[in-house]
Amino acid sequence: MTPGDIEKYIHTINIYKPDLIRGYAGSLYEICRYAEKNNLDIYSPKVIVSAAETLDDEMRDQIERVFGQKLYDFYGSREVSNLAGECEDGLMHSFAFWNYQELLDGHNHPVKQGEEGKVVVTNLFNYSMPLIRYEIGDMAVLGPEHCSCGNVLPTFEKITGRITDHFMLKNGATVPAEFFIHLLGVVCNTGEIKQFQVIQEDYDKIKILAVVGAGLTDEYRKDVESKIKVAVGSDCEITWDFVDSIPKTATGKYLYTRSLVRK
Ligand SMILES: [Zn+2]
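What you are looking at is a predicted structure, and each value in this text was computed from that prediction instead of being measured.

Conventions and cut-offs
Residues numbered from 1 in each chain as written. Predicted model: local features only at pLDDT ≥ 70, side-chain atom pairs only at ≥ 80, totals over all residues. Heavy atoms only, no water. Pairing = 2+ DSSP bridges. Helix = DSSP H or I, 4+ residues; strand = E, 2+ residues; numbered from the N terminus. Axes fitted to C-alpha atoms, helices over the stretch in contact; angles between N-to-C directions. Contact = heavy atoms within 4.5 Å. Salt bridge = Lys/Arg side-chain N within 4 Å of Asp/Glu carboxyl O. Buried < 20%, exposed > 50% of the residue type's maximum accessible area, 1.4 Å probe, protein only. Patch = residues over 30% accessible without salt bridge, like charges linked within 9 Å, V, L, I, M, F, W, Y side chains within 5 Å. Areas by Shrake-Rupley, 256 points an atom, 1.4 Å probe, with all protein chains shown as cover. Parallel < 35°, antiparallel > 145°, perpendicular 65-115°, else oblique. Left-handed = near helix turned anticlockwise from the far one by under 90°. Nonpolar A, V, L, I, M, F, W, Y, C, P; charged D, E, K, R; others polar.

Trainee: Go over the sheet that holds strand β15 (residues 257-259) with me, naming the residues and quoting the values.
Mentor: Overall, mixed pairing links the four strands, which are arranged β14-β13-β12-β15 in an open sheet. The open sheet has two edge strands with one neighbour each: β14 (237-242) and β15. Taken pair by pair, the neighbouring strands of this sheet meet at an average axis angle of 20°, ignoring direction. Pairing of strand β12 (residues 193-202) with β15 involves three bridges; the strand directions are parallel. Paired with Ile199 across the strands is Arg258, a residue of β15. Here helix α5 (residues 218-232) sits on the sheet in contact with β13 (205-212) and β14, set at roughly 140° to β14.

Trainee: Outline the pattern of salt bridges, supporting the account with residue identities and numerical values.
Mentor: Applying the stated criterion across every chain, the model contains 11 salt bridges. Lys70 is the salt-bridge partner of Glu86, the closest N and O atoms lying 2.5 Å from each other. Taken as a pair, Glu86 in strand β4 (residues 81-86) and Lys70 in the loop between α3 (57-67) and β3 (71-77) lie far apart in primary sequence, 16 residues in all. Overall, Glu86 belongs to the buried group, its relative accessible area being 11%. A residue is classified by how much of its surface remains accessible, and Lys70, at 25% relative accessible area, is partly exposed. Its salt-bridge partner being Arg221, residue Asp218 comes within 3.9 Å of it at the nearest N-O pair. Linking Asp218 with Arg221, this pair stays in helix α5, spanning three residues, or about one helical turn. Here Arg221 falls in the partly exposed class, since its relative accessible area comes to 24%. The structure contains a network of salt bridges with shared partners spanning Arg60, Glu64, Lys70 and Glu86.

Trainee: Could you give me a rundown of a nonpolar patch on the surface, with the residues and numbers involved?
Mentor: A surface patch of nonpolar side chains, about 700 Å² in accessible area, is lined by Phe97, Trp98, Tyr100, Leu124, Phe125 and Tyr127. As for its placement among the helices and strands, Trp98 is situated in the loop between β5 (92-94) and β6 (99-104).

Trainee: Go over the packing of helix α2 (residues 25-37) against α3, please, and point to the residues and values.
Mentor: Axis separation between α2 and α3 bottoms out at 9 Å; the angle between their running directions is 55°. In this view, α2 runs oblique relative to α3, as classed from their interaxial angle. Here α2 and α3 pass one another in a crossing that is left-handed. Contacts between α2 and α3 involve Ala25, Gly26, Leu28, Tyr29, Cys32, Arg33, Ala35 and Glu36 from the first element and Glu58, Met59, Gln62, Ile63, Arg65, Val66 and Phe67 from the second. Residues belonging to the contact of α2 with α3 are distributed by class as follows: nine nonpolar, two polar and four charged.

Everything listed here is a matter of geometry and, on its own, says nothing about what the molecule does.
The following block contains the structure:
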């Protein structure tokens with residue numbers, strides 16, 4: 001997503017005048033930051049939905065200010081799809097009819113309202129591969145039993161643990177974390193790599209931590225490197241660090257991407 005791309009997107013939005021805009025939190029944020037910095041007007045849709053990445057307060061403020069509209073956060077996952085969506089009153093309602101979700105503490109006891117717990121999911125409609133009390137690796141804070149919006153679905157105050165960083169490039173462009181998750185996730189699915197973490201150490205310096213499985217070939221590595229270079233830049237330096245395990249965060253979260261550039 002280069003500055004040129006962002007201008008194209010804004011132009012398209014202004015011509016098309018969509019009712020709904022749905023995007024990665026980080027991408028919506030970068031578009032809005034760019035528009036504000038360059039005094040560009042963007043058409044205000046009826047609904048904006050942010051998904052796939054963690055939305056922090058600064059990102060929400062920026063997006064709502066520039067689009068002049070309330071933003072609705074959405075929580076989903078690759079494994080079990082839709083998990084929760086934000087209501088008008090700002091709580092996340094869990095889609096309990098589709099995925100039954102529990103928030104549990106370190107001893108696997110349910111947390112109380114206002115407390116943070118790990119999200120444990122039981123998928124009710126997957127007849128091919130049952131996922132029962134599956135720890136999805138995210139954290140959330142339990143909300144009140146009743147929401148003022150009238151919706152009876154259980155609530156989360158917020159989803160706290162979906163931490164993936166998008167990468168900021170020198171020219172102002174960004175590469176979403178999802179890019180690396182899809183790219184290396186394919187290698188994971190075929191067993192060459194068991195676990196990975198992509199770290200942006202500097203604008204043009206990327207380190208891939210990998211727990212290697214069976215038969216990771218040079219060809220595979222070169223393929224991954226060449227695809228990263230297309231997204232990040234041809235002069236990007238890519239190093240591999242083969243490790244026994246990927247370190248987790250203090251809250252036990254396993255991060256696919258980390259950027260040390262924007263910290
Ligand atoms: Zn509500």
